[in-house]
Every structure is written in structure tokens, then in C-alpha cells.
Amino acid sequence: MAKFSPLMAVPIVVFASFVGLAVTGMYREDPESLPSAREGQPAPPVVLSEFAGKELFDDAALRDGEVKLVNYWASWCAPCRVEHPNLEALSQEGLTIYGVNYKDQLDNAASFLDELGDPYTAIGRDEKGRMALDWGVYGVPETYVVDGNGKIILRFAGPITQRVIKNTLRPAIEKARGN
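Q: So what's going on with the packing of aromatic side chains? Residues and values would help.
A: Under the defined criterion, the tally for this structure stands at seven aromatic pairs. A ring pair is formed by Tyr72 and Tyr144, whose centres lie 6.0 Å apart and whose planes are at 70 degrees; its orientation type is edge-to-face. One end of the pair, Tyr72, is in strand E2 (residues 68-73); the other, Tyr144, is in strand E5 (residues 142-146), with 72 residues separating them in the sequence. Like Tyr144, Tyr72 is buried.

Printed below as a string of C-alpha cells:
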């Protein structure tokens, strides 16, 4: 009779663990969304540098009683260009959007806004990415829906498209408004 070593079971256990993780991931509510530890919590402090010629926002602006978006973007970010017309449209509807220019050169960022338009009510620069770390940003673009009390209702990683507006942002905005 052959000897059985406990080490022979290791590949089977590793494989079974992988299958379990894969199955769990496939059956999440939204398998494409990234989890956010910040949803349902107060927004972290706003620590930004001025964006020349633009109004700067602060913590008080996030707690002004109105629903708003906080959008992390950069001029070097191709998906930021893709989402920009949709941010413009939301801004024209009257939605307040605060911009956080992430790890960008001021001249490049200003040229980006001159070329594509400025949907932001106020804007600041996160030159070293420290505020982004506190907010849990993985990369740009990322957009947060913040309620009137400064609580994060939703974090969306990726470009804002028409589908995202309809299926993700609008429901979160309505939830933030208490409707």
C-alpha cells in the first residue's frame, strides 16, 4: 500500500480555494464594481492646493445641504476625456461637481479644461495624491456621490458614461436626496 503524505493534499486545497474565490467573485451583486470602504461614511478631509484662476472647495462645501459629485481627473488620463462631455451635461443640469485634479501639471490641466470645457463648480489640485489615498482612489477617473451632510453615498471607478449615469449615478443621487 502506498504511503499518503499530507503534502499531497496541498495542491488540491489550493485549487479548491481558487475555485471558491472565483465562484464568489462571479456571483457578487456587481462583479465589475470595486468595493469602497468609504461608502456610508463621512467624506475624508479636503486638502487641496489652489488651481490658478478657479474657485477652491473645502470641507464645508461638502456639507452644504446639497447633493454633489467629487470627480478625480487628470489631463493625462484618456478615460477622463471620454467622460468629460457627460460631466458637462450633468453640470448643465444644475448638479454641483467638484473637481480634484490628480497628480497633474497645472498648465496641462488648464489646457484640458480650456479645450473641453469646465464642468466644475470649484476645483483643487491634489499634486501628490495624498487626498486621493484618504478617499480610497485607485486611479482616475473616479467619481463620488456625496450627500448634503458630507456622507459618501457611492464611489464609481472609471469613466462616467450615459449608461453609468442612468444605472448608477442617478439612483445614488436620488438616494442621497432622500427620494
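Q: Provide a residue-level description of the state of the cysteines, including the pertinent values.
A: Evaluated as defined, the whole model comprises one disulfide. Here Cys77 connects covalently by a disulfide to Cys80, the sulfurs 2.4 Å from one another. Taking the torsion about the sulfur-sulfur bond, which here is approximately 85 degrees, the covalent link between Cys77 and Cys80 counts as right-handed. Taking the relative accessible area as the measure of exposure, Cys77 reaches 4% and is therefore buried.

Q: Describe the side chain of Asn71, naming the residues involved and giving the relevant values.
A: For Asn71, the location among the structural elements is in strand E2. One polar contact links Asn71 to Glu83, side chain to side chain, over a distance of 3.0 Å. Filtering out sequence-adjacent residues up to four positions away, Asn71 remains in contact with Glu83, Leu87, Ile97, Tyr98, Gly99, Val100, Tyr120, Glu142 and Thr143.

Q: Describe the sheet that holds E2, naming the residues involved and giving the relevant values.
A: Overall, mixed pairing links the six strands, which are arranged E1-E4-E3-E2-E5-E6 in an open sheet. Strands at the two margins of the open sheet, each flanked by one partner only, are strand E1 (49-50) and strand E6 (152-157). Inspection of the sheet shows E5 paired to E6 by five bridges, in the antiparallel sense. Pairing of Val145 across the sheet is with Leu154, part of E6. Each of E2, strand E3 (96-102) and E5 is contacted by helix H3 (residues 78-92), which is oriented at about 160 degrees to E2, the strand it contacts most. Docked against the sheet, helix H6 (residues 162-177) engages E2, E5 and E6, running at close to 165 degrees with respect to E6.

Q: Any chance you could break down the side chain of Asp104 for me, citing the residues and the numbers?
A: Mapped onto the elements of the fold, Asp104 is located in the loop between E3 and helix H4 (106-116). In this structure, Asp104 is buried with no salt-bridge partner, the nearest side chain bearing the opposite charge being Arg125 at 6.9 Å. Reaching out from Asp104, the side chain makes a polar contact with the side chain of Asn101 at a distance of 3.1 Å. Beyond its immediate sequence surroundings of up to four residues, Asp104 is in contact with Trp73, Ala74, Ser75, Trp76, Ala109 and Arg125.

Rules used throughout
- Residues numbered from 1 in each chain as written.
- Predicted model: local features only at pLDDT ≥ 70, side-chain atom pairs only at ≥ 80, totals over all residues.
- Heavy atoms only, no water.
- Phe/Tyr/Trp six-rings, centres within 6.5 Å; stacked < 30°, edge-to-face > 60°.
- Helix = DSSP H or I, 4+ residues; strand = E, 2+ residues; numbered from the N terminus.
- Buried < 20%, exposed > 50% of the residue type's maximum accessible area, 1.4 Å probe, protein only.
- Disulfide = S-S within 2.5 Å.
- Polar contact = N/O pair within 3.5 Å; in protein donor to acceptor, adjacent residues only side chain to side chain.
- Contact = heavy atoms within 4.5 Å.
- Pairing = 2+ DSSP bridges.
- Axes fitted to C-alpha atoms, helices over the stretch in contact; angles between N-to-C directions.
- Lys, Arg positive; Asp, Glu negative; His and termini not counted.
- Salt bridge = Lys/Arg side-chain N within 4 Å of Asp/Glu carboxyl O.

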